[in-house]
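Residue-level listing of the chains:
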Amino acid sequence: MKLLRVGHKGKEKPAVLDKEGKIRDISSHIKDLNPDYLNFETISKLQSTDLSSLPELPSSERVGSCITKPGKFVAIGLNFSDHAAESGLPVPSEPIMFMKATSCISGPNDNIEMVPNSKKLDWEVELGIVIGKEAKHIEQNQSQDHILGYCLVNDVSEREWQIEKMGQWVKGKSHDTYGPIGPYLVTKDDIKDINNLNMSLDLNGKRMQTGNTSTMIFNVDVIVSYVSKFMSLQPGDIITTGTPPGVGMGMKPQQFLKSGDEMKLSIDNLGEQNSKVVSL
């Protein structure tokens, strides 16, 4: 099942993509794709609903973030060995965790804001995990019991703020629009093998990142179990799982985003993002 939110910013309606690719309004069943409804019970009810009987929404409408108001937006860094190498950092022996502010979340095709004091804005195509049941101190073999589904994430990063300024990575990861998610929240039953999904990011029509979830150092089960040892996870929480090589910081010479740049991101089964960088 592919769930999404469509409409003007702040006025999105929860929706589902039916088998014919039509967008169906599910607001008569749930108020929104937020922590109150992102659980296995809700998904079960929606799966037993006759989607063809629901109102159709125009495909031309804006697609918003596939989740709204999550409690947490957790991120895993350097989860691809070749990305660690291009960053000049050792392969981690355990997942590197940091946070993104939930206020950075935006729609998959919304503009990426570049503020005047931003010098090193970068891109990162990533697989996002969506939690559907509270997880606290769980083992790896229990993780799937707590994963509701997955989504496409662009972990937009301002490298100067992240690395060169004092403090934690969260500063370089959390400005408004630095967390495009979606277009869809795809329930896990709709994905044949989460450990074999192709990932890509194009910048102005040129391929920059190519990867596959099979090469992640820590897979989704390891990540959910690991994070649950340090903080409880609640329905609607998002964990973004790291990026393959090809980011601007790793290039020689380094290359960063500029106003007018256009990005296209894709992960098998999870859809596509198309965003533009704009100066504030």
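The structure under discussion appears in the preceding block.
Residues numbered from 1 in each chain as written. Predicted model: local features only at pLDDT ≥ 70, side-chain atom pairs only at ≥ 80, totals over all residues. Heavy atoms only, no water.

Draft legend 1. Spatial organisation of the pairing of strand S1 (residues 2-6). Of all 5 residues in S1, 4 are buried; the element is thus mostly enclosed. When S1 meets strand S14 (residues 185-187), the two strands line up antiparallel, connected through 2 bridges. The partner of leucine 3 across the bridge, within S14, is leucine 185. Taking the residues that link successive antiparallel strands as the turn, the S1-strand S2 (residues 13-17) hairpin has 6 residues, and the phi of glycine 7 there is positive, at about 130 degrees. (Buried < 20%, exposed > 50% of the residue type's maximum accessible area, 1.4 Å probe, protein only. Helix = DSSP H or I, 4+ residues; strand = E, 2+ residues; numbered from the N terminus. Pairing = 2+ DSSP bridges.)

Draft legend 2. Representation of the environment of lysine 72 in the model. With respect to the element layout, lysine 72 can be found in the loop between strand S4 (56-57) and strand S5 (73-77). For the pair formed by lysine 72 and threonine 102, sequence separation is 30 residues and the distance between their alpha carbons is 6.6 Å. A distance of 3.0 Å separates a polar atom in the side chain of lysine 72 from the backbone oxygen of serine 232. One polar contact links lysine 72 to glutamine 234, side chain to side chain, over a distance of 2.8 Å. (Polar contact = N/O pair within 3.5 Å; in protein donor to acceptor, adjacent residues only side chain to side chain.)

Draft legend 3. Structural detail: helix H5 (residues 220-228). Of all 9 residues making up H5, 8 are buried, and the element is well covered by its neighbours. Considered for burial, the residues of H5 that qualify are Val220, Val222, Ile223, Val224, Ser225, Tyr226, Val227 and Ser228. Buried-residue contacts for H5 involve S5, strand S6 (96-99), strand S10 (125-131), strand S11 (147-154) and strand S17 (238-240). Its side-chain oxygen placed 3.1 Å from the backbone nitrogen of aspartate 221, asparagine 219 serves as the N-cap of H5. (Contact = heavy atoms within 4.5 Å.)

Draft legend 4. Highlighting the sheet that holds strand S16 (residues 206-212). The 5 strands are arranged S8-S19-S18-S15-S16 in an open sheet whose pairing can be described as mixed. The open sheet has two edge strands, strand S8 (112-114) and S16, and neither has a second partner. Averaged over neighbouring strand pairs, the angle between their axes works out to 15 degrees when direction is ignored. One ladder, built from 6 bridges, connects strand S18 (residues 262-267) with strand S19 (residues 271-279); its direction is antiparallel. Each bridged residue has a counterpart across the sheet, and for isoleucine 267 the counterpart in S19 is glycine 271. (Axes fitted to C-alpha atoms, helices over the stretch in contact; angles between N-to-C directions.)

Draft legend 5. Geometry of the side chain of lysine 173. Secondary-structure assignment places lysine 173 in helix H4 (residues 170-173). Setting aside anything within four residues of it in sequence, one finds lysine 173 in contact with Phe98, Met99, Lys100, Cys104, Glu124, Asp155, Val156, Ser157, Arg159, Gln162 and Tyr178.

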